[in-house]
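Single-letter residue listing:
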Amino acid sequence: MRRMMYEAQRALASPVRNPRLAVVTGRLLGAAFIVCFGTGLYSHFLQEPLPWMRFPTRPASLYQITQGTHIVAGIACFPLLLAKLYIVFPDLFQWPPVKSFLHLLERASIALFVGASLVQITIGLINTYQWYPWPFPFREVHYALGWVLVGLLVLHIGIKLPIITRFWNGRAAAEHEATDAASDVESPADVEAVRLWGSGRPSGVTGRLIAWIDATPSFVSETKTVSETTTVSRRGFLTTVGIACAAVVGLTAGQTFAPLDAVNVFGPRKKGVGPQGLPVNRTAEEAKVTASAVAAGWVLTLAAGGVERSFSRAELEALPQTEVELPIACVEGWSQLALWRGVRLSELADLVGADTGASFRLISLEERGSFKKTEMGPEYVRDPLTLVALELNGETLDLQHGYPARMIAPGRPGVLQTKWLSRIEAITA
Ligand SMILES: Nc1nc2c(c(=O)[nH]1)N[C@H]1C(S)=C(S)[C@@H](COP(=O)(O)O)O[C@H]1N2
Ligand SMILES: [Mo]
């Protein structure tokens, strides 16, 4: 068995399967994970703020930037994770599979890390296509997995620290390689050294692994130093990974970042598609508001501290109108800038004498659905860009976009830009 595993590792040996490249791709992957985690946390707390939380409202496209980055970094994880798994694959064939309790923990944590990462980026990607083919609530699971992954990332970095520090610097790694390669490491005793390359044992072991890999007949049989072929294939590997990342990112980022729209081949949303040139996520039919939204008796009711006032659409139109340019930035990754016109929420709040520090609840005509009610902190309520929008891109708001009136505020996720408003009330603590 030991022999078999040894042969497997030998057969899989390749110049790109070395600790230096494992560290290089690991670094990029780690950075992408941290970016995803940070932007993900931000998105989470915007949707589920703790009572004391207040958020910046500028730049107005803040959420477009953070969520666009979240999805771009998540998509880049696919080629990076595949590259990393390719590099460390031979490490799977260790013998004995478990040497100690600590070794068991290490291998189990890596198995969990890989599995959870694959699940996380896959459900995330599928979600950008608005496809929810699983029985669990996406947002809660994605959020919980985010914490699990950060924990496992810290553990992984801790375990691999000796290798990471040793191979962080390219030149240092090459030096180790050259010295270590000088010794003969073809004997089965060195298989021991190979098995240890993942265990983070310092002083020469990992360097000897490279030497062993480089000494593998199929690649560098005659010489024990780093050959040109080796360098070339390593560079080729990194170039391939780079191109793959650029491709998957470049061909989808246009859904958020308008300049890349022309090459948005795989992104689920295209610019300018939909009524009034804007995509629609949930239609009026799906929300079952086709009758209530056009009913003659529709009014928007504002309520604060016992004062209630109702406005018909004509009455709202008679109030001072403000025009703002703000994006709809969906959690699912697409964003689009649009021109909105309507009444400032702060002016409506003043009409019912609402407290300047009050948070508001926005209630839609929609009878069912997770977005029928949303909440908004005073930083948004009082922002001059926050409107009860009546017009979009120079026309009366389309029914699909929330006619007779919808919310539009700076720096917020699309899910909170409530359509088909019916009631806006100050939340009394
Ligand atoms: N009442 C209500 N408002 C809603 C939604 C909804 O399902 N119901 N969807 C939200 C989501 S997820 C987004 S991204 C934006 C999309 O706006 P659009 O469909 O008008 O483009 O509206 C938001 N407003
Ligand atoms: Mo959305």
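Here is a short report on the structure shown in this document. Note that the structure is predicted; figures quoted are calculated from it, not measured.

## A word on the pattern of salt bridges
Scanning all chains against the criterion turns up 14 salt bridges. When the shortest N-O distance is used, the salt bridge between E48 and R139 registers 3.0 Å. Here R139 lies in helix α5 (residues 138–167) and E48 lies in the loop between α2 (19–47) and α3 (62–88), a separation of 91 residues in the sequence. Between K160 and E106 there is a salt bridge, with its nearest N and O atoms 3.3 Å apart.

## What about the site of ligand 1?
The full set close to ligand 1 counts 17 residues, and P279, N281, E366, R406 and K419 are the nearest of them. Between ligand 1 and Q417, the relevant distance is 3.0 Å, taken from a nitrogen atom to a main-chain nitrogen or oxygen of the residue. Here ligand 1 loses 98% of its free accessible area of 520 Å² to cover by the protein chains. In terms of residue class, the shell around ligand 1 is built from 7 nonpolar, 6 polar and 4 charged.

## Observations regarding the side chain of D383
Tracing the backbone shows D383 in the loop between α13 (378–381) and β7 (387–392). There is a polar contact of 2.8 Å between the side chain of D383 and the side chain of T57. If sequence neighbours within four positions are ignored, D383 has contacts with T57, R58 and P410.

## Observations concerning unusual backbone geometry
With an omega of -10 degrees, the peptide bond between R58 and P59 qualifies as cis. With respect to the helices, strands and loops of the structure, P59 is situated in the loop between α2 and α3. Here Y403 and P404 are connected by a cis peptide whose omega angle stands at 10 degrees. With respect to the secondary-structure elements, P404 resides in the loop between β8 (395–396) and β9 (406–408). You will see that K288, though not glycine, has its phi angle at about 55 degrees, which is positive. Residue position: K288 is located in the loop between α10 (228–250) and β1 (300–304). One non-glycine residue, N393, lies in the positive phi region at around 45 degrees.

## Re the layout of surface pockets
The computed volume of the second largest pocket comes to approximately 810 Å³. Every residue lining the second largest pocket is counted, 33 residues in all, and those nearest its centre are K84, V88, I110, H156 and K160. The residue inventory of the lining of the second largest pocket, partitioned by class, reads 21 nonpolar, 6 polar and 6 charged.

## Section: the side chain of T39
Examined against the element boundaries, T39 turns out to sit in helix α2. What makes T39 buried here is its relative accessible area of 12%. Polar contacts involving the side chain of T39 include one to the main-chain carbonyl oxygen of C36, which spans 3.2 Å. Once residues within four sequence positions are removed from consideration, T39 is found in contact with T66, Q67, T69 and H70.

Rules of the game
Residues numbered from 1 in each chain as written. Chains lettered and ligands numbered in written order. Predicted model: local features only at pLDDT ≥ 70, side-chain atom pairs only at ≥ 80, totals over all residues. Heavy atoms only, no water. Salt bridge = Lys/Arg side-chain N within 4 Å of Asp/Glu carboxyl O. Helix = DSSP H or I, 4+ residues; strand = E, 2+ residues; numbered from the N terminus. Near = heavy atom within 4 Å. Polar contact = N/O pair within 3.5 Å; in protein donor to acceptor, adjacent residues only side chain to side chain. Areas by Shrake-Rupley, 256 points an atom, 1.4 Å probe, with all protein chains shown as cover. Nonpolar A, V, L, I, M, F, W, Y, C, P; charged D, E, K, R; others polar. Contact = heavy atoms within 4.5 Å. 1 Å grid on protein atoms, 1.4 Å probe; cavity = no way out; pocket = protein on both sides within 12 Å on 5 of 7 lines; lining within 4 Å. Points joined across faces, edges and corners; volume = space filled by probe spheres on them. Buried < 20%, exposed > 50% of the residue type's maximum accessible area, 1.4 Å probe, protein only.

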